[in-house]
Amino acid sequence: MTIHQTYIGCDIAKAVIDVFDPLSRRFSRVANEPAALAGFAAGLAPGSFVVFEATGHHDKALRHAFARAGIPCARLNPMMVRRFAQARGRLAKTDRVDARILSEMGAMFRPDADTPPCPGRERLAALARRRDQLVATRALELRHRDETGEATVVADIEAAITNLSLRIAALEAEIASHVETLDGLAEQAARLTSAPGIGKVTAVTLLAHMPELGTISPKAIASLAGLAPFANDSGTRTGRRSIRGGRPRLRRALYMAALGAIRANQRFKAFYQAIAQRSGSKKCAIIAVARKLITILNAMIRDQKHFA
């Protein structure tokens, strides 16, 4: 692992980014827009490593500026950053304080650099996210239709449902077309859909929201999906293990895929029945199947093999 001498802390807001440089001990402010960020990235000294909190789309331009300039960076979980600040006795919260805390956290923990963003993957994620939004809206309209008996309202709702279905179909066609343009992604989708319970939508969800698939360990991939059980022990007490964290969209997709795998494949069905009998919980058994499924998918992409 490369040891970087300078961990630059960046606190990101919609309009500006507050920066703390531990070498000069100075703060600065940069406009959160591409031209200013390109200049900021180009002016960083060799050996710099930038640390900032994950802030959704507000850090997108910054990540791309660093990728073009070849500057390594890491996005950190905001909750973990806040807990680190509290552990350091920093109870105040301002943009400058946050930038300094991020610099200190980077220097102490030396996080691995994130993979540079891929515009094609980001577009796939945006298309998949928009499809999910429209599907959720259509489900809401379906519930509204079932809750009314007024003919005019029903007709209006059905028109909205028809429109939403057309838009969803158009997005799915665009997603399928876009997958074909990305190197190796169509082959990965084909491998994923060879596994029981994994349809085209689930495959796209995994490819869009889990670019790490096939590149990290089984434990890490399960944790990323929010399917890794965490211990809850203290003294002589052994608490119940539970899952938490991870990426909620992936967890939902894999949970539904696990249900399909249990129905379609005898191996997954037997595994589910054994866990359900031992734990006394069908839900825990389904989660265990989902965890087993993602580790298998991870190995399939890593080894470039179909399900067997």
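Residues numbered from 1 in each chain as written. Predicted model: local features only at pLDDT ≥ 70, side-chain atom pairs only at ≥ 80, totals over all residues. Heavy atoms only, no water.

A. Region of the structure containing the UniProt feature "domain: Transposase IS110-like N-terminal" (unreviewed entry) in the protein chain. Cross-referencing UniProt, the feature "domain: Transposase IS110-like N-terminal" (unreviewed entry) maps to residues 35-139 in the present numbering. For the annotated span residues 35-139, helix accounts for 61% and strand for 10% of the residues, and the straight-line distance between the end C-alpha atoms is 42 Å. (UniProt positions renumbered as here; feature names shortened; annotations may be inferred. Helix = DSSP H or I, 4+ residues; strand = E, 2+ residues; numbered from the N terminus.)

B. Region of interest: the side chain of Thr6. Note that Thr6 resides in strand S1 (residues 6-12). Leaving out residues up to four positions away in the same chain, Thr6 has contacts with Asp21, Pro22, Leu23, Gly47, Ser48 and Phe49. (Contact = heavy atoms within 4.5 Å.)

C. Quick peek at the nonpolar core. Membership of the largest hydrophobic core comes to 49 residues, with the highest contact counts inside it found for Leu124, Leu192, Ile198, Leu254, Ile294 and Leu297. Broken down by element, this core gets its largest block of residues, 12 residues, from helix H12 (residues 282-303). When neighbours within four sequence positions are excluded, Leu254 is seen to be in contact with Leu206, Ala225, Leu227, Ala290, Ile294 and Leu297. If you look at the next biggest cluster of nonpolar residues, it comprises 17 residues, including Val30, Phe40, Ala41 and Leu44. (Core = buried A, V, L, I, M, F, W, Y, C linked by side-chain atoms within 4.5 Å. Buried < 20%, exposed > 50% of the residue type's maximum accessible area, 1.4 Å probe, protein only.)

D. The arrangement of the packing of helix H8 (residues 200-209) against helix H10 (residues 248-264) in detail. One can describe the packing of H8 onto H10 by two numbers: an axis separation of 10 Å at closest approach and a directional angle of 150°. As the angle between them shows, H8 and H10 are arranged roughly antiparallel. Our pair here, H8 against H10, has a crossing hand that is left-handed. When H8 is examined against H10, the residues Thr202, Thr205, Leu206 and His209 are found in contact with a partner set consisting of Arg249, Leu250, Ala253, Leu254 and Ala257. Of the residues assigned to the contact of H8 with H10, the class counts are 5 nonpolar, 3 polar and 1 charged. (Axes fitted to C-alpha atoms, helices over the stretch in contact; angles between N-to-C directions. Parallel < 35°, antiparallel > 145°, perpendicular 65-115°, else oblique. Left-handed = near helix turned anticlockwise from the far one by under 90°. Nonpolar A, V, L, I, M, F, W, Y, C, P; charged D, E, K, R; others polar.)

E. A look at the pattern of salt bridges. One pass over the full model with this rule turns up 16 salt bridges. A salt bridge links Glu122 to Arg63, with the nearest nitrogen and oxygen atoms 3.1 Å apart. Here Glu122, found in helix H5 (residues 119-146), pairs with Arg63, found in helix H2 (residues 60-69); they are 59 residues apart in sequence, far enough to count as distant. For Asp98, the salt bridge identified is with Lys93, shortest N-O distance 2.7 Å. Taken together, the shared-partner salt bridges connect Asp59, Arg63, Arg75 and Glu122 into one network. (Salt bridge = Lys/Arg side-chain N within 4 Å of Asp/Glu carboxyl O.)

F. View of the pairing of strand S2 (residues 16-21). The pairing of S1 with S2 spans 4 bridges and is classified as antiparallel. Counted as the bridge partner of Asp11 is Asp18 from S2. What sits between the antiparallel neighbours S1 and S2 is a turn of 3 residues. Here S2 pairs with strand S3 (residues 26-31) via 6 bridges, running antiparallel. Looking across to S3, one finds that Val16 is bridged to Ala31. (Pairing = 2+ DSSP bridges.)

G. Region of interest: the packing of helix H7 (residues 185-193) against H8. Packing of H7 against H8 leaves a shortest axis separation of 9 Å and a crossing angle of 125°. When the axes of H7 and H8 are compared, the pair comes out oblique. Remark: the crossing between H7 and H8 carries right-handed chirality. Contacts from Leu185, Gln188, Ala189, Leu192 and Thr193 in H7 reach Lys200, Ala203, Leu206 and Leu207 in H8.

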